Every structure is written in structure tokens, then in C-alpha cells.
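# Examining the three-dimensional arrangement
One-letter residues, chain by chain:
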Amino acid sequence: MPFSPANLNALLQTSAFNLWHYRTADTRAVVSAAGYFAPVAAGLKPGDLMVLQTVDAMALVPFRSNAVLGTGVTLDGPVGPISLIRAAGQGFSFSQAASAVVRTILLAPIAAGILAGGSIPVSASVTGPIAQVVFSLRDANGVVIPPVQAVAVQGGVAATSFPAPPVGSGYRIRVEDAADPAIVETSRSFSVAPDLAHLLIEAGDGLATEAGDPLKR
């Protein structure tokens, strides 16, 4: 669904920052996408806060430049309607109690010595109520190299593997919460080297395998 101006309300307006409330039937991931609040970007300042109520989460999030939402703090999962009371004295109150939920994803280091034709084992340690994570392999330009893998979290750990991409450098592994893409971690860049394990003989006229079969003349 597109942004709905009727669902955006100012709860508190000061010279330092403004506090907004926005309720929508969209998901947290849709609302967090760049450009969602573009129709009202002129009225949203970096540092403003928003009480965000989506179909799958309730959160307190800050605005960055260009009306882009920051990571913020997830207060709860799927919630029912929230009742707000506003007064002329710039006060507000919530009729629904909320508590902060800590959710983190820690990606394990990528193994060294990755060779073309092999595989890349990946794993992540997960804290908090995260049921599923999404792993992806990306090239030096950030382009996803299929397949993207959704993996269930079991015992606080999620693990899978990817077929090694072509020889090159700048590759990265990315892992994110399937329900909240704002919770994400990306590995350091790594390289994939050619597999030369079977190239044993190099002479002036060609290359041969261990069995003596010619590879190139």
C-alpha cells in the first residue's frame, strides 16, 4: 500500500524535534524502504521520532535525511489498535504497555581459502525472537548472486552454504531477519581463487593432469 497522509499524526512539536505517530496495514519492511515518506519529506526533519505501528511490528524509530527511517527500537511484534490521548499542553499517553525486545544477528567469520568450484559455509548466532534469517551472497557491486536462502533459527544458530562464485574479489555474505530487514549484518569482503590442485606439470608446450593427460597445448 502507498503512504497515507491521513494516518500520520503529530504528537509533539518542539524547536528541537517532532514526535509523530503513523499506523498502516503495510509491513515494517515496506515502510522502511527509501521514498515511502517522500510525499511529506518536507515536513520531516532529521532527528524527528516516530511511533510506528505496522501490521507486523510496533517500533520507536528516528528519521534520517530525506525522510528515511533509521533502525530504531522494536517495541513489540504484531499489535492491535493503539489508543492515544493528546492535549493542548503537548502531552501524550499510551493506553498500551510496551517493553523493549533485544534482537541481534552476529555473522560468523568466512572461512579462508575459498576456491572456485567449492562451497562457502556460513552461519550466524541469533539473539531474541527471530524465527528465520535470510542469507545472500553479493558481488563487489552489491548485486545478489542467486540463490537467496531463508534458514530457520534453531538453538540460536542458523547455518547454510553457498556454491563458490566465479574467481574474483569483493564478495560479501549478508544475513538479515526475515521479518525485519533492518536487523542485518554483512561480512568483510573475501576473494575466490582458482582451483589449481590438479595442475601439476607446466612445460613450454602445455599443461598436464596428475595422470599425464594434456590440458592445454
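Remember, predicted model here, so these are calculated numbers, not experimental data.

### What about the side chain of Asp180?
By the element assignment, Asp180 lies in the loop between strand E13 (168–177) and strand E14 (184–186). The residues contacting Asp180, other than those within four sequence positions of it, are Arg28, Thr74 and Arg103.

### What to know about the environment of Val192
As for its position among the elements, Val192 is in strand E15 (residues 190–192). You can call Val192 buried: its relative accessible area is 3%.

### Focus on the environment of Ala41
Checked against the element boundaries, Ala41 lands in the loop between helix H1 (28–32) and strand E3 (49–53). Its relative accessible area of 26% is what places Ala41 among the partly exposed residues. When the C-alpha atoms of Ala41 and Ser65 are compared, they prove to be 9.0 Å apart, with 24 residues separating the residues in sequence.

### Quick notes on the packing of aromatic side chains
Within the structure shown, the criterion is met by eight aromatic pairs. Plain terms: the ring middles of Phe3 and Tyr36 are 6.0 Å apart, the flat faces sit at 80° to each other, and that makes the pair edge-to-face. On the criterion of sequence distance, the pair formed by Phe3 in the segment before strand E1 (8–13) and Tyr36 in the loop between H1 and E3 is long-range, its members being 33 residues apart. Three or more aromatic residues link up through ring pairs in this structure, and these residues are Phe3, Tyr22, Tyr36, Phe37 and Phe63.

### Quick look at the sheet that holds strand E12 (residues 157–163)
Think of a sheet as strands paired side by side through backbone hydrogen bonds, with each pair either parallel or antiparallel. Ordered in space as E8-E9-E12, the three strands form an open sheet in which the pairing is antiparallel. If you trace the sheet from one side to the other, it starts and ends with strand E8 (104–107) and E12, each paired once. Ignoring strand direction, the axes of neighbouring strands in this sheet form an average angle of 25°. In this sheet, E12 lies alongside strand E9 (residues 119–127) in antiparallel orientation, the contact comprising seven bridges. Paired with Ile120 across the two strands is Phe162, which belongs to E12.

The rules behind the values
Residues numbered from 1 in each chain as written. Predicted model: local features only at pLDDT ≥ 70, side-chain atom pairs only at ≥ 80, totals over all residues. Heavy atoms only, no water. Helix = DSSP H or I, 4+ residues; strand = E, 2+ residues; numbered from the N terminus. Contact = heavy atoms within 4.5 Å. Buried < 20%, exposed > 50% of the residue type's maximum accessible area, 1.4 Å probe, protein only. Phe/Tyr/Trp six-rings, centres within 6.5 Å; stacked < 30°, edge-to-face > 60°. Pairing = 2+ DSSP bridges. Axes fitted to C-alpha atoms, helices over the stretch in contact; angles between N-to-C directions.

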